[in-house]
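Below, each chain spelled out in residue letters.
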Amino acid sequence: MAGNPERRRALIDAGIELLAREGARGLTFRAVDAEAGVPVGTASNYFTGRDDLLRQIDARLHARLAPDPEALARRMAAPRDRSLVTALMHDLMGRAVRDRTGYLALLEMRLEATRRPELRASSSRSLRGDLEEGMRFHREAGLPGGDETVTLLYLSMLGLILEHLTLPGVLEDVLPGVTVPEGLVERIVATVVPED
């Protein structure tokens, strides 16, 4: 397998673009090569097969969509209350909006995992690990609520992100006077996270 890390990352990012735009059916080595602007056959030198490409896309998406460590450290200097949880959820939503392609590709990965048992297993481990890491972070940070709070935030925010990035009109004016997505983030946190 070829070892140029920059080229590998460019091919993986091209795969992410294709997943978001074309869905999993559009993710072929030839399409990845074209999207990345490299000679035909390049992707096959970097990935053992489509499953390998999908696994590497999954890993890249998690790195790409993770919070910025420095920004998170600054944010965590605030009091550990509901308003901090609100700020963290706004950050999550902001990252989803800024990297819409990445989140749409992640959603496509979920759909593809329903059809591919090996991808289902690795994606389930990866996403479950993210959820458990969120629970651990929440507990260790001393934020209000516990594992149930984190699970409900996870499910609520996932639904909001899904609707906002795919069919935003569904949520417009669903709650009069509540902005989308900002106001809905505030409502989710106010409903799910206990007061101090």
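The text that follows walks through the structure, step by step, so that each part is easy to find. (Residues numbered from 1 in each chain as written. Predicted model: local features only at pLDDT ≥ 70, side-chain atom pairs only at ≥ 80, totals over all residues. Heavy atoms only, no water.)

## Structural notes on the pattern of salt bridges
The full count for this structure, using the stated rule, is 16 salt bridges. In this structure, glutamate 22 engages arginine 21 in a salt bridge whose closest nitrogen and oxygen atoms are separated by 3.2 Å. In this structure glutamate 22 comes out as partly exposed when scored by relative accessible area, which is 48%. For arginine 21, a relative accessible area of 47% translates into the label partly exposed. The closest approach of N and O atoms between glutamate 35 and arginine 21, which form a salt bridge, is 2.6 Å. Here glutamate 35, found in helix α2 (residues 29–36), pairs with arginine 21, found in helix α1 (residues 5–22); they are 14 residues apart in sequence, far enough to count as distant. (Salt bridge = Lys/Arg side-chain N within 4 Å of Asp/Glu carboxyl O. Buried < 20%, exposed > 50% of the residue type's maximum accessible area, 1.4 Å probe, protein only. Helix = DSSP H or I, 4+ residues; strand = E, 2+ residues; numbered from the N terminus.)

## Examining helix α10 (residues 182–192)
Every buried residue of α10 is accounted for by Gly183, Leu184, Val185, Ile188, Val189 and Val192. Against the buried residues of α10 lie α6 (82–98) and α9 (147–166). (Contact = heavy atoms within 4.5 Å.)

## What about the packing of aromatic side chains?
Under the criterion given, the structure shown has 1 aromatic pair. When the ring of phenylalanine 29 is compared with that of phenylalanine 47, the centres are 6.3 Å apart and the planes differ by 50 degrees; the resulting orientation is tilted. With phenylalanine 29 in helix α2 and phenylalanine 47 in the loop between α3 (42–46) and α4 (50–65), the pair connects residues that are 18 residues apart, well separated along the chain. Residue phenylalanine 29 is classed as partly exposed on the basis of its relative accessible area of 22%. Here the basic side chain of arginine 8 rests over the ring of phenylalanine 47, its NZ or CZ set 5.6 Å away from the ring centre. (Phe/Tyr/Trp six-rings, centres within 6.5 Å; stacked < 30°, edge-to-face > 60°. Lys NZ or Arg CZ within 6 Å of the ring centre and 35° of its normal.)

## Notes on the side chain of aspartate 52
With respect to the helices, strands and loops of the structure, aspartate 52 is situated in helix α4. Buried charged residue aspartate 52 carries no salt bridge. Nearest counter-charge: arginine 55, at 4.1 Å. (Lys, Arg positive; Asp, Glu negative; His and termini not counted.)

## Examining the nonpolar core
Looking at soluble globular proteins, one finds that nonpolar side chains tend to be buried together. Formed by 50 residues in total, the largest nonpolar core has its most connected members in Ile57 and Met89. Elements with a minimum of two residues in this core: α1, α3, α4, α6, α7 (100–113), α8 (117–141), α9 and α10. Leave out the neighbours within four places in its chain, and methionine 89 touches Leu153, Met157, Val185 and Val189. (Core = buried A, V, L, I, M, F, W, Y, C linked by side-chain atoms within 4.5 Å.)

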